[in-house]
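Below are the chains, spelled out letter by letter.
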2 protein chains.
Amino acid sequence: MNNKEKIFQVSIELFSKYGFDGVSVRQIAGEVGIKESSIYNHYSSKQEILNAIFEYYIDEMVSDEIPLEQASLNLDKGFDFFYKAGSDAFLSKLKEERMMKITRLLFIESYHNDEVRDFLKKSIIEAPVEGWISLFNLMKAKNLIRKDCDVRQLSESFFYYGMFLLYEHFFLNYPEDDEKFLEEFLVKTERHARTIFDSVKLGDD
Amino acid sequence: MNNKEKIFQVSIELFSKYGFDGVSVRQIAGEVGIKESSIYNHYSSKQEILNAIFEYYIDEMVSDEIPLEQASLNLDKGFDFFYKAGSDAFLSKLKEERMMKITRLLFIESYHNDEVRDFLKKSIIEAPVEGWISLFNLMKAKNLIRKDCDVRQLSESFFYYGMFLLYEHFFLNYPEDDEKFLEEFLVKTERHARTIFDSVKLGDD
DNA sequence: GTCTATACCCAGATAGAC
DNA sequence: GTCTATCTGGGTATAGAC
């Protein structure tokens, strides 16, 4: 690993622990094992390091799209199968240690970084909600749920629960038991999905 | 308003906008109209100002308890009445402008202030969840909901939705339309409550 | 209680030798 | 590409006159 990569890696480590403002360039240089002036041969400023980290994160995450056709097929195999497939796709990316750390950073830095906040709002919140809206509409068409229910409310009711678990973990409990969190996350969101689904489902009751 | 009160008020204003680290003692002094050295006649350090703000907030908030007996009576008058009464109690304190600002501060500072984080976890999250657990147990006893449902999961499924709305507003959208947010918060959480309730209720269907 | 003046520290960043 | 040395500016906080 060359020094540029080391700087990148160490910065993820430190920023996710102490926040951007809580880490100095000297500290990063110290961990890497070079002098702080040498940092500037690789990145033009401290801010540039942060930008590079989030660019990396966004690149990794957006490659992780939800194909609606596939979801529709999964849905035909039953709710359990459908839900498991969907959450596995999302969690596979997240569970890499590096991605966990940047996710923490995303949460704690979003309030004073406009770009980061926009990414969080659009790609992590709005886009998935829209995806769920499509799916609930699909479920209406397949006569799996009641025709009269509000799909947007349903999507939010469903999705925001998991989002709060993420916030709670990354912001309030981090880094206690990342592994355990991911396991519990899966169990809890599945139970929650069932609760929501039960309130609108048609058929056997 | 004397200068100590001015310092207190101005600090709430600035900290909630820019975060604790984003505000200097010079800036506070400038807004108050005194020199920074004069601050130290009233507060021994910048940190002390923050502590005073959160002490004030906690005092105001804990006076706002949920009496289970009253909730039980409200429940007998129907779910709508019951829910409205409960959410009104919570929102009445929150909707004061000053409390809104400190709530924002609570959210953004909780990740690097142990005391604040503990308060958020215990008083804002855990205590209400326990309260809802008691209530759902009560609803079981009154035969309003199914005996076999998991009350903790139900409480979290119910409560975390609202918590995420709060996070979203205070952390990501603040301070856009505080008034509008509170209105929408009421509507959305009520619809959500109905969704959750529908999944477990007994009786007319 | 507020002021001027200043101490002291640490931050991000740059210049130029090697 | 890394170093030493240094600049510049901002931060919190204190001493002591008024």
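Conventions adopted
Residues numbered from 1 in each chain as written. Chains lettered and ligands numbered in written order. Predicted model: local features only at pLDDT ≥ 70, side-chain atom pairs only at ≥ 80, totals over all residues. Heavy atoms only, no water. Helix = DSSP H or I, 4+ residues; strand = E, 2+ residues; numbered from the N terminus. Buried < 20%, exposed > 50% of the residue type's maximum accessible area, 1.4 Å probe, protein only. Contact = heavy atoms within 4.5 Å. Areas by Shrake-Rupley, 256 points an atom, 1.4 Å probe, with all protein chains shown as cover. Lys, Arg positive; Asp, Glu negative; His and termini not counted. Charge placed at Lys NZ, Arg CZ, Asp CG, Glu CD. Near = heavy atom within 4 Å. Polar contact = N/O pair within 3.5 Å; in protein donor to acceptor, adjacent residues only side chain to side chain. UniProt positions renumbered as here; feature names shortened; annotations may be inferred. Buried area = accessible area lost by both parts, 1.4 Å probe. Salt bridge = Lys/Arg side-chain N within 4 Å of Asp/Glu carboxyl O. Phe/Tyr/Trp six-rings, centres within 6.5 Å; stacked < 30°, edge-to-face > 60°. Lys NZ or Arg CZ within 6 Å of the ring centre and 35° of its normal. Axes fitted to C-alpha atoms, helices over the stretch in contact; angles between N-to-C directions. Parallel < 35°, antiparallel > 145°, perpendicular 65-115°, else oblique. Left-handed = near helix turned anticlockwise from the far one by under 90°. Nonpolar A, V, L, I, M, F, W, Y, C, P; charged D, E, K, R; others polar. Least-squares fit on C-alpha atoms with pLDDT ≥ 70 in both. Core = buried A, V, L, I, M, F, W, Y, C linked by side-chain atoms within 4.5 Å.

**Brief notes about the overall build of chain A**
Consideration 1: Secondary structure summary: chain A contains 10 helices and zero strands in total.
Consideration 2: Taken from N to C terminus, the helices and strands of chain A fall in the order α-α-α-α-α-α-α-α-α-α.
Consideration 3: Counting only C-alpha atoms and orienting by the principal axes, one finds that chain A spans roughly 70 × 30 × 30 Å.
Consideration 4: Relative to its 205 residues, chain A shows a buried fraction of 49%.
Consideration 5: Sequence-distant contacts in chain A: of pairs separated by 6 or more residues, those separated by 24 or more amount to 69%.
Consideration 6: Just so you have it, chain A exposes about 10,100 Å², and 49% of that area is on carbon and sulfur atoms.
Consideration 7: With 26 positive and 37 negative side-chain charges, chain A shows a separation of 1 Å between the mean positions of the two kinds.

**A closer look at the protein's contact with DNA strand C**
Consideration 1: In the neighbourhood of DNA strand C, 15 residues make up the surrounding shell, with Val25 and Arg26 of chain A together with Asn3, Lys35 and Asn41 of chain B lying closest.
Consideration 2: A distance of 2.2 Å is found between a phosphate oxygen of DNA strand C and a side-chain nitrogen or oxygen belonging to Asn3 of chain B.
Consideration 3: Ser37 of chain B is positioned with one of its side-chain polar atoms (N or O) 2.9 Å from a base oxygen of DNA strand C.
Consideration 4: Breaking the surface near DNA strand C down by element, the ones donating at least two residues are helix H2 (25-32) of chain A together with helix H3 (36-39) of chain B.

**Structural notes on the UniProt feature "DNA-binding region" (unreviewed entry) in chain A**
Consideration 1: The UniProt record marks residues 24-43 of chain A with the feature "DNA-binding region" (unreviewed entry), using the residue numbering of this structure.
Consideration 2: Taken end to end, residues 24-43 of chain A is 60% helix and 0% strand, and its first and last C-alpha atoms sit 14 Å apart.

**Digging into the interface of chain A and chain B**
Consideration 1: Each partner contributes to the interface: chain A provides 37 residues, whereas chain B provides 37 residues.
Consideration 2: Contact between chain A and chain B buries roughly 3,200 Å² in total, counting both sides, with carbon and sulfur atoms accounting for 60%.
Consideration 3: By the criterion of area lost to chain B, the three top residues of chain A are Tyr111, Phe164 and Leu172 of chain A, representing 21% of everything that side buries.
Consideration 4: Where chain A meets chain B, there are two salt bridges.
Consideration 5: Lys188 of chain A is the salt-bridge partner of Glu156 of chain B, the closest N and O atoms lying 3.1 Å from each other.
Consideration 6: Our enumeration of links across chain A and chain B arrives at 16 residue pairs in polar contact (both at pLDDT 80 or more).
Consideration 7: Counting residues per element, the ones that place at least two in the side of chain A that touches chain B are helix H7 (97-109), helix H8 (114-141), helix H9 (151-173) and helix H10 (178-200) of chain A.
Consideration 8: In terms of residue count, H9 of chain A provides more of the side of chain A that touches chain B than any other element does, 14 residues in total.

**Notes on the packing of aromatic side chains**
Consideration 1: Tallied over the full model, the rule gives 36 aromatic pairs over all chains.
Consideration 2: Seen from their ring centres, Tyr57 of chain A and Phe119 of chain A are 6.1 Å apart, and the 80° between their planes marks the pair as edge-to-face. Placement of Tyr57 of chain A in helix H4 (residues 46-62) and of Phe119 of chain A in helix H8 is noted, with a sequence separation of 62 residues between them. The burial state of Tyr57 of chain A is the same as that of Phe119 of chain A; both residues are buried.
Consideration 3: A cation over a ring is seen here: Lys4 of chain B above Tyr43 of chain B, with NZ or CZ 4.9 Å from the ring centre.
Consideration 4: In this structure, Lys46 of chain B packs its charged tip against the face of Phe20 of chain B, placed 4.3 Å from the ring centre.

**Structural notes on the packing of helix H1 (residues 3-18) of chain B against helix H2 (residues 25-32) of chain B**
All names here are of chain B.
Consideration 1: The interhelical angle for the contact between H1 and H2, taken along N-to-C directions, is 125°, at an axis separation of 9 Å. Of the possible angle classes, the one that applies to H1 and H2 is oblique. Between H1 and H2 lies a crossing whose hand is right-handed. Contacts between H1 and H2 pair Asn3, Lys6, Ile7, Val10, Ser11, Leu14, Phe15 and Tyr18 from the former with Gln27, Ile28, Glu31 and Val32 from the latter.
Consideration 2: Partitioning the contact of H1 with H2 into residue classes produces seven nonpolar, three polar and two charged.

**Thoughts on the relation of the copies chain A and chain B**
Between the two chain copies there is a screw-like relation: a rotation about an axis and a shift along it.
Consideration 1: Superposition record for chain A on chain B: RMSD 0.1 Å, screw rotation 180°, translation along axis 0.0 Å. Both copies of the chain, as the preceding transformation shows, are related through a two-fold rotation axis. When C-alpha distances to the rotation axis are compared across chain A, the minimum falls at Ser199 of chain A, with a value of 1.9 Å.
Consideration 2: Of the interface residues in chain A, 100% have counterparts in chain B that sit at the interface too, so the contact is made through matching surfaces.

**Concerning the nonpolar core**
Consideration 1: Core analysis: the biggest nonpolar cluster contains 141 residues, and Phe15, Ile28 and Tyr167 of chain A together with Phe15, Ile28 and Tyr167 of chain B have the highest contact counts within it.
Consideration 2: Setting aside anything within four residues of it in sequence, one finds Ile28 of chain B in contact with Ile7, Val10, Ser11, Leu14, Phe15, Val23, Ile39 and Ile49 of chain B.

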